Amino acid sequence: MYVPQAFSVEDRAEAIELIRANPFGTLISVVDGESFVSHLPFTVAQIEPRIVLAAHCAKASPHWRHFPESEVRAIFQGEHGYVSPRWYGDPKRDVPTWNYAVVHCTGTVRLATGTETDAILRALVDEMETDAAEPWTYDDLDLAYRENMKQGIVAFYLDVAGMVAKFKLSQNRSQSDRQGAIDGLRETGRESDRSLADAMERCDRSDRSS
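A few points on the structure.

Reading the values: rules and limits
Residues numbered from 1 in each chain as written. Predicted model: local features only at pLDDT ≥ 70, side-chain atom pairs only at ≥ 80, totals over all residues. Heavy atoms only, no water. Axes fitted to C-alpha atoms, helices over the stretch in contact; angles between N-to-C directions. Helix = DSSP H or I, 4+ residues; strand = E, 2+ residues; numbered from the N terminus. Parallel < 35°, antiparallel > 145°, perpendicular 65-115°, else oblique. Contact = heavy atoms within 4.5 Å. Nonpolar A, V, L, I, M, F, W, Y, C, P; charged D, E, K, R; others polar. Salt bridge = Lys/Arg side-chain N within 4 Å of Asp/Glu carboxyl O. Buried < 20%, exposed > 50% of the residue type's maximum accessible area, 1.4 Å probe, protein only. Arc of directions from axis to C-beta. Expected span 1.5 Å × (residues − 1). Core = buried A, V, L, I, M, F, W, Y, C linked by side-chain atoms within 4.5 Å. Polar contact = N/O pair within 3.5 Å; in protein donor to acceptor, adjacent residues only side chain to side chain.

As for the packing of helix α2 (residues 114–128) against helix α3 (residues 143–150)
Point 1. Axis separation between α2 and α3 bottoms out at 12 Å; the angle between their running directions is 105°. With respect to α3, the element α2 is oriented roughly perpendicular. Here G114, T117, D118, L121 and R122 of α2 lie close against α3, whose contacting residues are R146, E147 and K150.
Point 2. Residue composition of the contact of α2 with α3, grouped by class: one nonpolar, two polar and five charged.

Okay, structure coming up:
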């Protein structure tokens, strides 16, 4: 991934925060000489001394059988959206762009044991149910039914050897242009644009405090 210095994020905590807020990742590796992609929910299983992610896929998928053959990459996408030049100070001398935040994690995979599979599934459910007034829990499942359903999946850990974070949030623009884009995004009425504006404001505050 091409990452200009202005958009590079060196703070590992910021990258992990994006993954936790956007856990539905794109997992890419090589299967029979070609790129193979799976779209999976992940949890952050460990952050020290190195980052470990956890997920599961269908046992019927050929993807997991080829994990040991090569490095894998998981991509997580945060807020993103179109930025119009009409929000800048001189719209006749600017072009549209797309702002976004992404994290790429590369590493190797280890398949989980039965006990570890339970831990991975329980952690995923707990994270997804955290805002519910009466959360559903992994242990709510009938034990026999749960064990039967587990036969159809393969859980695994991704040991992250490299992580690259790119937050392209108008850091290369003047303060007035950045504020114009933030205001413009808020005025579209789209929730996704408001979320992007929030991300830009957080980035703006971080830049000014550093």
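Quick look at the pattern of salt bridges
Point 1. Counted according to the given criterion, the structure contains 16 salt bridges.
Point 2. Between E116 and R110 there is a salt bridge; the shortest N-O distance is 3.1 Å.
Point 3. Taking relative accessible area as the criterion, R110 reaches 43% and is therefore assigned partly exposed.
Point 4. Each member of the salt-bridge network shares a partner with another, and the members are D118, R122, D139, R146, E147 and K150.

A short note on helix α1 (residues 12–21)
Point 1. Taken as a whole, α1 has its buried residues at A15, I16, L18 and I19. Viewed along the axis of α1, the buried residues span an arc of 155°, placing them on a single side of the element. With respect to the buried face of α1, the exposed residues turned more than 90 degrees away are E17 and A21.
Point 2. Residues of α1 that are buried make contact with β4 (43–46), β6 (72–83), β7 (97–111) and β8 (153–168).

Digging into α2
Point 1. An ideal rise of 1.5 Å per residue puts 21 Å on 15 residues; α2 measures up with 21 Å between its terminal C-alpha atoms.
Point 2. Inspection of α2 places T117, D118, I120, L121, L124 and V125 among the buried residues, and these make up the whole buried set. For α2, the angular spread of the buried residues around the axis is 165°, confining them to a single face.

Quick word on the nonpolar core
Point 1. Judged by nonpolar contacts, the single largest core of 40 residues is most densely connected at L27, F42, L53, F76, V103, F156 and F167.
Point 2. Secondary structure elements with two or more residues in this core: α1, β5 (52–58), β6, β7, β8, α4 (175–187) and α5 (191–209).
Point 3. The biggest single contributor to this core is β8, with six residues.
Point 4. Look past the residues within four positions of L27 in its chain and what remains in contact with it is F36, V37, S38, L40, F42, H63, F67, V72, R73, A74 and F156.
Point 5. Counting six residues, the second largest nonpolar core, distinct from the first, contains V52, A54, A112 and A155.

Regarding unusual backbone geometry
Point 1. Put simply, E48 and P49 share a cis peptide bond, and its omega is 0°.
Point 2. Mapped onto the elements, P49 comes out in the loop between β4 and β5.
Point 3. Although it is not a glycine, D32 adopts a positive phi angle of roughly 55°.
Point 4. Counting through the fold element by element, D32 comes out in the loop between β2 (24–31) and β3 (34–41).
Point 5. Residue classification places D32 among the exposed positions, given a relative accessible area of 66%.
Point 6. Located in the positive-phi region is S170, a residue other than glycine, with phi close to 70°.
Point 7. Structurally, S170 is set in the loop between β8 and α4.
Point 8. Under the relative-accessibility criterion, S170 is labelled buried at 4%.

Some words on the environment of E147
Point 1. Mapping E147 onto the fold places it in helix α3.
Point 2. By relative accessible area, which is 30% here, E147 ends up partly exposed.
Point 3. Distance in space between the C-alpha atoms of E147 and A58 is 15 Å, their sequence separation being 89 residues.
Point 4. Within polar-contact distance, the side chain of E147 engages the side chain of K150 at 3.3 Å.

The values reported here are purely geometric and, on their own, carry no functional implication.
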